[in-house]
Amino acid sequence: MDWFEPTLTWYLTTTLIALALAPLVMLLFASVTDRGASIVRPLSALLFIWPVWFLASLGDGLVPFDRRTLWVALALFALVSWAIGLRAGMLKRASLLHLAAAEAAYLALFCAYVWLHGFAPSVTGPLSVDQEKPSDLMMLASTMRADSMPPLDAWLSGETINYYYLGYVIWAAPANMIDTNPAVAFNLALASTFAMTVVATIGTVANILSRFTRATAARVGGVIAGVMVVLIGNPWTAVKVIEDASGQWSLWAFDGIFWNASRVIMDSPDPNASHPISEFPAFSFLLADLHPHLIAIPFTILALAFAWLFASLPRDDHGPTRWLRLAVAGISVVALYAINSWDFPTWFVVIAGAILVSPAFHTLGSRIIAILTVLVSGIVAWFPFILEFETSVNTSGSAFPDWVEGIPVLGGVLASVAAYSLERTSPVEYLSIFGFFYPVMVVLIITEMFAHREVAPDPLVTRLSWVSGVILVLIGLLLPAPLVIMLGLPALAGFAALLRSTNLTLGVIATALATLAFLLTLIPEFFFLLDIYGVRMNTVFKIYLQVWILSAVATSLALILLWRRSRRWRAGQVLVALATIAIVVGGLAYPVVAGSQWLATRNPDANWEGVDGLAFLKESDPATYNALQWLWDNGSSDDVILAAGGCEWYSVIGRPSAASGVPAIIGWTGHERQWHLGDDDILSQFPERVQAVRDLYARPTDELLDEYGVSLIFIGNTETQGIGLVESPDCAPGPFPETTSPEFPGPGWTETFSEDGVRILRRDESDS
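Note that this is a predicted model, so its numbers are computed, not measured. (Residues numbered from 1 in each chain as written. Predicted model: local features only at pLDDT ≥ 70, side-chain atom pairs only at ≥ 80, totals over all residues. Heavy atoms only, no water.)

A. View of the overall build of the chain. Helices and strands together make up the secondary structure of the chain, namely 34 helices and 8 strands. The C-alpha radius of gyration of the chain comes to 27 Å, within 12% of the 27 Å expected for a compact globule of 768 residues. With the C-alpha coordinates aligned to their principal axes, the bounding extent of the chain is approximately 90 × 65 × 55 Å. The proportion of buried residues among the 768 residues of the chain is 59%. For the chain, the share of sequence-separated contacts (at least 6 apart) that also reach a separation of at least 24 residues comes to 75%. For the chain, the centre of its 39 positive side-chain charges and the centre of its 64 negative side-chain charges are spaced 21 Å apart. (Helix = DSSP H or I, 4+ residues; strand = E, 2+ residues; numbered from the N terminus. Rg over C-alpha atoms; globule rule 2.2 N^0.38 Å. Buried < 20%, exposed > 50% of the residue type's maximum accessible area, 1.4 Å probe, protein only. Contact = heavy atoms within 4.5 Å. Lys, Arg positive; Asp, Glu negative; His and termini not counted. Charge placed at Lys NZ, Arg CZ, Asp CG, Glu CD.)

B. Geometry of the side chain of E279. Tracing the chain through its elements places E279 in the loop between α11 (257–260) and α12 (281–287). Buried E279, no salt bridge; nearest opposite-charge side chain is R263, N-O distance 5.2 Å. Separated by 2.5 Å, the side chains of E279 and S284 make a polar contact. Among the polar contacts made by the side chain of E279, one reaches the side chain of H293 at a distance of 2.8 Å. The contacts of E279, once residues within four sequence positions are left out, are S262, S284, H293, F541 and L545. (Salt bridge = Lys/Arg side-chain N within 4 Å of Asp/Glu carboxyl O. Polar contact = N/O pair within 3.5 Å; in protein donor to acceptor, adjacent residues only side chain to side chain.)

C. Representation of a nonpolar patch on the surface. There is a patch of nonpolar side chains on the surface, built from L356, V357, L364, I368, L372, V376 and V380 and spanning about 620 Å² of accessible area. Put simply, the parts of the chain that give the nonpolar patch at least two residues each are α16 (343–357) and α17 (364–381). The element that contributes the greatest number of residues to the nonpolar patch is α17, accounting for 5 residues. With respect to the secondary-structure elements, L364 resides in helix α17. Residue classification places L364 among the exposed positions, given a relative accessible area of 57%. (Patch = residues over 30% accessible without salt bridge, like charges linked within 9 Å, V, L, I, M, F, W, Y side chains within 5 Å. Areas by Shrake-Rupley, 256 points an atom, 1.4 Å probe, with all protein chains shown as cover.)

D. Looking closely at helix α8 (residues 215–231). Along its 17 residues, α8 runs 23 Å from first to last C-alpha, staying within 8% of the 24 Å computed at 1.5 Å per residue. When α8 is considered as a whole, its buried residues turn out to be A218, G221, G222, I224, A225, G226, V227, M228, V229 and V230. If you follow the buried residues of α8, they end up packed against α7 (182–210), α12, α25 (537–565) and α26 (570–602). (Expected span 1.5 Å × (residues − 1).)

E. Examining the pairing of strand β5 (residues 712–715) more closely. Burial along β5 is two-sided: L712 and F714 and I713 and I715, pointing in opposite directions, are all buried. Across 2 bridges, the pairing between strand β3 (residues 641–642) and β5 is parallel. Counted as the bridge partner of L642 is I713 from β5. Across 4 bridges, β5 lies against strand β8 (residues 758–763) in antiparallel orientation. Its bridge partner being in β8, F714 is matched across the sheet by I760. (Pairing = 2+ DSSP bridges.)

F. Main features of the sheet that holds strand β7 (residues 749–755). Spatial ordering of the open sheet is given by β3-β5-β8-β7, a layout of 4 strands whose pairing is mixed. The open sheet has two edge strands with one neighbour each: β3 and β7.

G. Seen up close, unusual backbone geometry. For the bond from G734 to P735, the omega torsion is 0 degrees, close enough to zero to count as cis. Along the polypeptide, P735 turns up in the loop between β6 (731–732) and β7. Between F744 and the following residue, P745, the backbone shows a cis peptide bond with an omega angle of 5 degrees. Backbone geometry places Q131, a non-glycine residue, at a positive phi of 50 degrees. Mapped onto the secondary structure, Q131 falls in the loop between α4 (93–117) and α5 (133–145). For Q131, a relative accessible area of 13% gives the class buried.

H. Focus on the environment of R655. Locating R655 in the fold gives a position in helix α29 (residues 655–660). C-alpha of R655 to C-alpha of L137: the two residues are 518 residues apart in sequence and 9.0 Å apart in space. Among residues more than four places away in sequence, those in contact with R655 are T124, F616, L617, T624 and L628.

Encoded structure:
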């Protein structure tokens, strides 16, 4: 059973990492109900890799990012963490029970995802079905292959990865520790990310609720939040299933709700235009691309957990533990800049807001110092990434003046912000995505406005609110921008209600999250980031995913609050219960129907294939499978492999380097162009590299081999037979006729692998 051993060793190794750091995590979160048990895994994973990554990032790598270093680091962490935990008396019965419950839930969810995803684990299969998995596999394989940081870019020899790569470091660590290959680690990382997200969400929301409700209600609210954040789809999918339930079951995934649920907004009538992406977690985990935005989800929940920790700290919380909490919070939230940069500003604001209302920080000065401590400690921790990473943006057409680009760290991002003035999101489109959450959040804010407050409304604030409301209505009507009215008014009301709040209540927390969600949603109505697409497609995508998480958590909290407020009104409790059931049942239509569509599309025979993302090749092309395994076992970061290159989106292109982490001359040119947007020196190389692939397969001259450092030649079906594409400046797809000659590539090469026409040749050292 070739799936069982890597799955078991992966689970045991990631569990060791979690348990090694559990006492330290539970010391930091000692004041919350579950003592931090629900976020032990994401925080432990982050803290574990940080020092190894940091040292591997200095110079050419002060320490190697390899198996031995990682195991030594784990042993040291375990000694320090357990010594601190035992001395602080953290290993009490209640703490251990919470940890056991969290771990049991994690194991169940991990196994469930492994089983479900095992029906469709391939990562470099047919065109369109595997989407961007080949590029994600390349990132993971490159990181696993790396000795120093940043990792080499396996699709662009001689260059390092210029992307949010920290998430791949997090999962490359256990993969290296158990000595598995990237295609297996890819799918196990997905399962771990899913399980961590659900457990962290349930625990964090339950921790918040336990401050205000009974334990049972808190747990129920936590489970509701876990379902709403991760499992449910949007209202558009529920409507489509109701309209044609039987028809949806038989549709190809890309014609049915599976895909179209993430493409609800239409900015123009042109069907070929780049319309905004409205992805949500259930879609992300079904699609199962190991993208930064998916890897980041449990770490955004970790940021929310830190926010609740600070907001709920007692007034008398002092001492060194406070500063340790702030420093670790900084490491956690600024890590989002290196995992998925889009998430950092939002979740830093959430943590900063929590510190501002925390009773533990008594003065404005202490609050500012605390916020700066979080920010500075995080910047210091991840400074090597911040220094190396260049945002992939374009500054032509910016809404800001030219001098903004000179601002350190954020200047390039700010200078790439453009004004949006085309067709804006309609109310129907918005409700098609967030319609399960919006009514609940509006009702919440209305009830908060009329809830009893110790502070009477300030007449000036009331007048300003009315004036602001009128202005919002006028803007919404004149532009037109209907969401300004639909979201701006409740956001304004929520802000006014928060200004009257002197105590931290459940309503205040839910209102703050809902208000932030409304304000975030309005950003892409007026601004977008100038990336390679030149439209707001990606901006909507990244912001809406944040809005989904905020809205789902706010809705979960609001439903419990509204239930409690309706205790004396039986009909009100019935309405709240019905609304909850409608959201959950309607939302679960997506994973059930869309999941069926996706599995039927990717695996019509419904055979369970395990956790190896390349397992499909064992039957269809065993020679290629064995060749890729040889590359992983015998290649190195110092090698450069000659293989077919360019040809964006074709998963057989770039597969040897993606599966092994051995750099190729060129992989997918479109993705490389996206990652290096703004770097004209690198962008200008792409046509030359594509031409070099053709020239080297025609006649491998020493001059050209030396220029790119080629040490390996891969000759597979793609190189000998082609893939039916015409050569272009961006595409060298084969066939390369010379490769079929037994004389190719000539003297100076040794055949190191040969099976059924698939060959790998290594250049003799004297010729390299």
